[in-house]
Amino acid sequence: MSTTVNGQPSTLDDTDRRIVHLLQQDGRMSMRDLAAAVHVSRAHVYTRVKRLLDEGVIRRFTIQVDPERVGFSTSAYLTMKVEQNSWRQIRDTLAALPWVEHVALVSGDFDVLLLVRSASNKTLRDLVFTHIQNMPGVRSTRTLLVFDETDHLPALPGDPEVVFGAEPE
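All chains use their own residue numbering, which begins from 1 and follows the written sequence. Totals for whole chains, interfaces and linings use every residue, but because this is a predicted model, local features are given only for residues with pLDDT of at least 70 and side-chain atom pairs only at 80 or more, for both listing and counting. Values reported for side chains reflect all heavy atoms of the structure, with hydrogen atoms and water molecules removed beforehand.

Caption draft 1: Spatial organisation of the pattern of salt bridges. Here, a salt bridge means any Lys or Arg side-chain nitrogen found within 4 Å of an Asp or Glu carboxyl oxygen. Inspection of every chain in the model, using the stated rule, returns eleven salt bridges. A salt bridge links arginine 51 to glutamate 55, with the shortest nitrogen-to-oxygen separation between them at 4.0 Å. Each residue is placed in one exposure class: buried if its accessible area under a 1.4 Å probe, protein chains only, is under 20% of its type's maximum, exposed if it is over 50%, and partly exposed if it falls in between. Relative accessible area serves as the criterion here: at 15%, arginine 51 is assigned to the buried category. Between arginine 69 and aspartate 66 there is a salt bridge; the shortest N-O distance is 3.9 Å. Judged by relative accessible area, arginine 69 falls into the exposed class, the value being 75%.

Take a look at the structure:
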C-alpha cells in the first residue's frame, strides 16, 4: 500500500497500480467492476481509491473531450522565452486564458511550453499577438501548429508488467 511521508511520492503496490491503470482507461468504472478486475472486495477498492485520492495520487476524475468535435479546429504548441523574474506571473496569466490547455516551465532553448486550442487560425493569431506577446516579461514566442496528434496514457513508474498484466519472465 502507498503512504505519503514528508511530501515524498507514494509507493504503489501492484493492486494500487492496477486500480490507477483501470481508472485511467475508464474513470466511470463502477467500484464493483473495479473490485472484480483487481480481485479484491468492493470495500477494499473503496478504501484504496479513497486513500489514493487523499494522498493526491488520483487528483480528480474527469473526461477527455475531442477538441475538434467541440469547435477547436486549431491546436498549437507555443514556445516562449521570458524574463526569468516574471515566469510565475506569466504562468498564472497563461493558465487563466480559456484557450490554454497546458502550461509547463521547461529547460532548453526556451522557458515556457504551452498547448493551446482555438476555433480557428485567426483566433490563434489574436491570442498570440494580442494576449501573449503583449504580456510583461515575454521576450519572444514561436508557434508550432499541430497537424495530427495521438492520445497516450502514461504508464506508472515501476514494473510495466503490473500495468499491462503480462507475466514476468
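Caption draft 2: The arrangement of the layout of surface pockets in detail. Residues are called lining when one of their atoms sits within 4 Å of a cavity or pocket point, these points coming from a 1 Å grid over the protein atoms alone, where a cavity is a set in which a 1.4 Å probe fits but cannot get out and a pocket is an open set with protein on both sides within 12 Å along at least five of seven lines. Grid points are joined across faces, edges and corners, and a volume is the space filled by probe spheres set on the points. In this structure, the second largest pocket spans a volume of roughly 230 Å³. Forming the boundary of the second largest pocket are 14 residues, of which Glu68, Ser73, Ser75, Val146 and Glu149 lie nearest the centre. By residue class, the composition of the lining of the second largest pocket is five nonpolar, four polar and five charged. When residues are sorted by character, Ala, Val, Leu, Ile, Met, Phe, Trp, Tyr, Cys and Pro go into the nonpolar class, Asp, Glu, Lys and Arg into the charged class, and all the rest, Gly among them, into the polar class.

Caption draft 3: Summary view of unusual backbone geometry. Non-glycine residue histidine 39 carries a positive phi angle of around 60°. Note on placement: histidine 39 falls in the loop between α2 (31-38) and α3 (42-54). Each helix is a run of H or I in the DSSP string that is no shorter than four residues. Each strand is a run of E no shorter than two, and both are numbered from the N terminus.

Caption draft 4: Just the side chain of serine 86, in detail. Considering the arrangement of structural elements, one finds serine 86 in the loop between β1 (74-82) and α4 (87-96). Throughout, a contact is declared for two residues whenever any of their heavy atoms are within 4.5 Å. Discounting chain neighbours no more than four positions away, the residues touching serine 86 are Pro136 and Gly137.

Caption draft 5: Fine view of a nonpolar patch on the surface. Residues form patches when they are more than 30% accessible in relative terms and have no salt bridge. Like charges link within 9 Å. Nonpolar side chains (Val, Leu, Ile, Met, Phe, Trp, Tyr) link within 5 Å. Accessible surface area values rest on a Shrake-Rupley calculation with a 1.4 Å probe, where residue burial reflects the displayed protein chains alone. Together, Ile63, Val65 and Val70 line one region of the surface with nonpolar side chains, adding up to about 290 Å² of accessible area. Within the element layout of this structure, isoleucine 63 appears in the loop between α3 and β1.

Caption draft 6: Structural view of the nonpolar core. The biggest cluster of nonpolar side chains holds 17 residues, and the ones touching the most others in it are Leu78, Met80, Leu94, Leu114, Val116 and Ile132. Counting residues per element, the ones that place at least two in this core are β1, α4, β3 (112-118) and α5 (121-132). Beyond its immediate stretch of four places on either side in the chain, leucine 78 contacts Val112, Leu113, Leu114, Val116, Leu124, Val128, Ile132, Arg142 and Thr143. Nonpolar core, defined: a set of buried Ala, Val, Leu, Ile, Met, Phe, Trp, Tyr and Cys residues in which side-chain atoms within 4.5 Å join the residues together. One finds Leu12, Leu34, Val45 and Leu52 within the second-largest nonpolar core, a separate group that totals twelve residues.

These figures come from the coordinates and say nothing about function on their own.
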